[in-house]
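# Observations on chain architecture
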Amino acid sequence: RNHLHAAGHICVLKDAFMYESPTEIANLASADKFDAALAIHLYKGGRLLQGSRIPFGIIFGGTDVNEDIKCEEKRRVMGAVLGEARFAVAFTVKMKELAAAEWPDARKKIYVQAQGVKTTPSETFDWYRFLQNADIPTDTGSLHMFLLICGLRRVKDPLYLVDVFSDWHRRDPSVHLGIIGPAVDPLFTSEVKEKVKRVPGVHLLQEMPQDDLHAAMKRCFAVVNSSISEGMSAAILEAMDLDIPVLARNILGNAAIIKHKETGLLFSDAQEFVVLSESLMNDPIMEREIVTRAKDYVKKHHSWESERKAYQNLVLRL
């Protein structure tokens, strides 16, 4: 919305979960006299634009191409939506190739545009109160705080590291893992809450405004990603921009933006996560080199300004 407003357009954001059918969106578009639509996620957002009387584009979310494609009914709907779309955006070449392999006729309308990030850490954020509210010791001289930032749903797999991390915490009480993000799946969120209650050293944290979250990231030791699949994690890119090292599960979406031991660390199992984390804690020179290269990478490939120009140009195709 920020990018489109900057180009002089009026942009209204709507949550796809608020609507159940294309008819509802058609009525909304007619009542508000919309000229075009841009859907995020080929299935969740795109299915509501089927048969739309206004032109639309699609931004792949990641789970659509990585996960939803495995469901025959969703795959059929997504193919139909992509056929109607004026254009589609993939964050990586690999994501484009996955979609083009499934729907070859759409290849020419799929554009690759990496996410851009802009970090705005709050200057008034109270780190010590944040730790107190989470029942984490405030002796920050010895604290190593890891943050796992994700919507609470199964594909993000926030429980993947919990048991091993808790075992590590018992050996080294300075390490703590905070899991923070919106409760996307209420049933799974309850499962996460119950699990975290039983394991020391792991904390389920309250969701917070983005500026405060960026400030918390800036004070933590590392940002963690343990997803089963990813399109392109904004949290990873934001951590890189904030000079915070990233430890991420070695999956396609993460490996597309992290070069192991160059711009971050990739782990293939929970035990390797602990080994890599300890090596990072014990080697400040390696840590400094990783965050420096990661910051340079984000500046070069994921700038907010480049993303703005790309989307302003794409919208002209509508």
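The shown structure was predicted, so the numbers you read here are calculated from the model rather than taken from an experiment.

We now examine the UniProt feature "domain: Glycosyl transferase family" (unreviewed entry) in the protein chain. UniProt's entry tags residues 151-295 with the feature "domain: Glycosyl transferase family" (unreviewed entry), counted in the numbering of this structure. In residues 151-295, helix accounts for 47% and strand for 14%; the two terminal C-alpha atoms are 24 Å from one another.

This next bit is on the pairing of strand β8 (residues 222-225). The side-chain alternation of β8 yields two buried faces, one formed by A222 and V224 and the other by V223 and N225. Here strand β5 (residues 144-149) runs beside β8; their pairing, made up of 3 bridges, is parallel. Bridge pairing in β8 links L147 to V223. Two elements, β8 and strand β9 (residues 246-249), share 3 bridges in a ladder whose sense is parallel. In the strand pairing of β9, V223 is matched with V246.

What follows covers the sheet that holds strand β1 (residues 37-40). What the 4 strands build is an open sheet, ordered β1-β2-β3-β4; its pairing is parallel. The sheet is open, and its two edges are formed by β1 and β4 (110-112), each paired on a single side. Averaged over neighbouring strand pairs, the angle between their axes works out to 25° when direction is ignored. Where strand β3 (residues 87-90) lies against β4, 3 bridges are found, and the strand directions are parallel. Paired with V89 across the strands is Y111, a residue of β4.

The strands making up a sheet associate through hydrogen bonds between their backbones, and the pairing can be parallel or antiparallel. The sheet built from 6 strands is open, its strands ordered β7-β6-β5-β8-β9-β10 with parallel pairing. Sheet topology places β7 (202-205) and β10 (265-267) at the edges, where each strand pairs with a single neighbour. Direction aside, the axes of adjacent strands within the sheet are offset by 25° on average. Packed on one face of the sheet, helix α8 (residues 186-197) meets β6 (175-180) and β7 and runs near 145° to β7.

This next bit is on the nonpolar core. Membership of the largest hydrophobic core comes to 71 residues, with the highest contact counts inside it found for I58, F60, L147 and M240. The biggest single contributor to this core is helix α10 (residues 234-241), with 5 residues. The next biggest cluster of nonpolar side chains, apart from the first, holds 32 residues, and it includes C150, V175, A222 and A270.

A separate point is helix α12 (residues 270-281). The terminal C-alpha atoms of α12 lie 17 Å apart, and with 12 residues this matches the ideal 16 Å at 1.5 Å per residue to within 8%. Between the side-chain oxygen at the start of α12 and the backbone nitrogen of Q271 there is a gap of 3.2 Å, and the oxygen is on D269.

Residues spaced three or four apart along an α-helix face the same direction, because each turn holds 3.6 residues. Taken together, the buried positions of helix α2 (residues 22-31) are occupied by I25, L28 and A29. Projected onto a plane normal to the axis of α2, the buried residues spread over an arc of 95° and lie on a single side. With respect to the buried face of α2, the exposed residues turned more than 90 degrees away are T23, S30 and A31. Just beyond α2, the residue with positive phi is K33, at close to 55°.

The rules behind each value
Residues numbered from 1 in each chain as written. Predicted model: local features only at pLDDT ≥ 70, side-chain atom pairs only at ≥ 80, totals over all residues. Heavy atoms only, no water. UniProt positions renumbered as here; feature names shortened; annotations may be inferred. Helix = DSSP H or I, 4+ residues; strand = E, 2+ residues; numbered from the N terminus. Buried < 20%, exposed > 50% of the residue type's maximum accessible area, 1.4 Å probe, protein only. Pairing = 2+ DSSP bridges. Axes fitted to C-alpha atoms, helices over the stretch in contact; angles between N-to-C directions. Contact = heavy atoms within 4.5 Å. Core = buried A, V, L, I, M, F, W, Y, C linked by side-chain atoms within 4.5 Å. Expected span 1.5 Å × (residues − 1). Polar contact = N/O pair within 3.5 Å; in protein donor to acceptor, adjacent residues only side chain to side chain. Arc of directions from axis to C-beta.

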